[in-house]
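Descriptive analysis of the structure
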Amino acid sequence: MTVKKLPFLVLGFVGLGLGFVGAVLPLIPAFPFLMLAAYSFARCSERLDRWFRGTRLYRDNLEDLVGGRGMARAARRRVMGAVTLVMAVGFTLMALKGLVVPCTVLFAVWLGHMLYFAFGVRRREEGEGAAA
């Protein structure tokens, strides 16, 4: 493995670990971390990329989106709900300290996230099955 690929390897395993925690705990969104792992493993090792794509975490959370089939309604709700919950905690803590500018920035990030998942992510219809 080359030195240039080492950061991708580290990022891949960090994303995988946080994605796993996010899949188990409802407070942490798994989706962005699993996307980080997928991107990183694809950049550093064909073998790790194949392994990751074979995991249940990948199949349950990313396979349909990456395959161009969109996200199921339940997955979209899970992502949007988890991100809203986590950002609401941060927003509340900052608001209690009177931090107006960071609250405004966090609200803008949250709004962008909601708009992206509402209009930017292709929806997979309930009749469309997951990839075989």
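Bear in mind that the values here come from a model prediction, so they are computed numbers and not experimental data.

1. With respect to the pattern of salt bridges
- Summed over the entire model, instances satisfying the criterion amount to two salt bridges.
- With a closest N to O distance of 3.1 Å, Glu46 and Arg50 form a salt bridge. Note that Glu46 and Arg50 are positioned in helix 3 (residues 46-53) at a spacing of four residues, about one turn of the helix. In this structure, Glu46 and Arg50 share a single accessibility class: exposed.
- Of the charged contacts in the structure, one is a salt bridge between Asp49 and Arg53, with a shortest N-O distance of 3.1 Å. With Asp49 and Arg53 both in helix 3, this residue pair falls four residues apart, about one helical turn.

2. Some details on the environment of Arg77
- By the element assignment, Arg77 lies in helix 6 (residues 73-96).
- Among the residues examined, Arg77 registers a relative accessible area of 57% and is labelled exposed.

What counts and what doesn't
- Residues numbered from 1 in each chain as written.
- Predicted model: local features only at pLDDT ≥ 70, side-chain atom pairs only at ≥ 80, totals over all residues.
- Heavy atoms only, no water.
- Salt bridge = Lys/Arg side-chain N within 4 Å of Asp/Glu carboxyl O.
- Helix = DSSP H or I, 4+ residues; strand = E, 2+ residues; numbered from the N terminus.
- Buried < 20%, exposed > 50% of the residue type's maximum accessible area, 1.4 Å probe, protein only.

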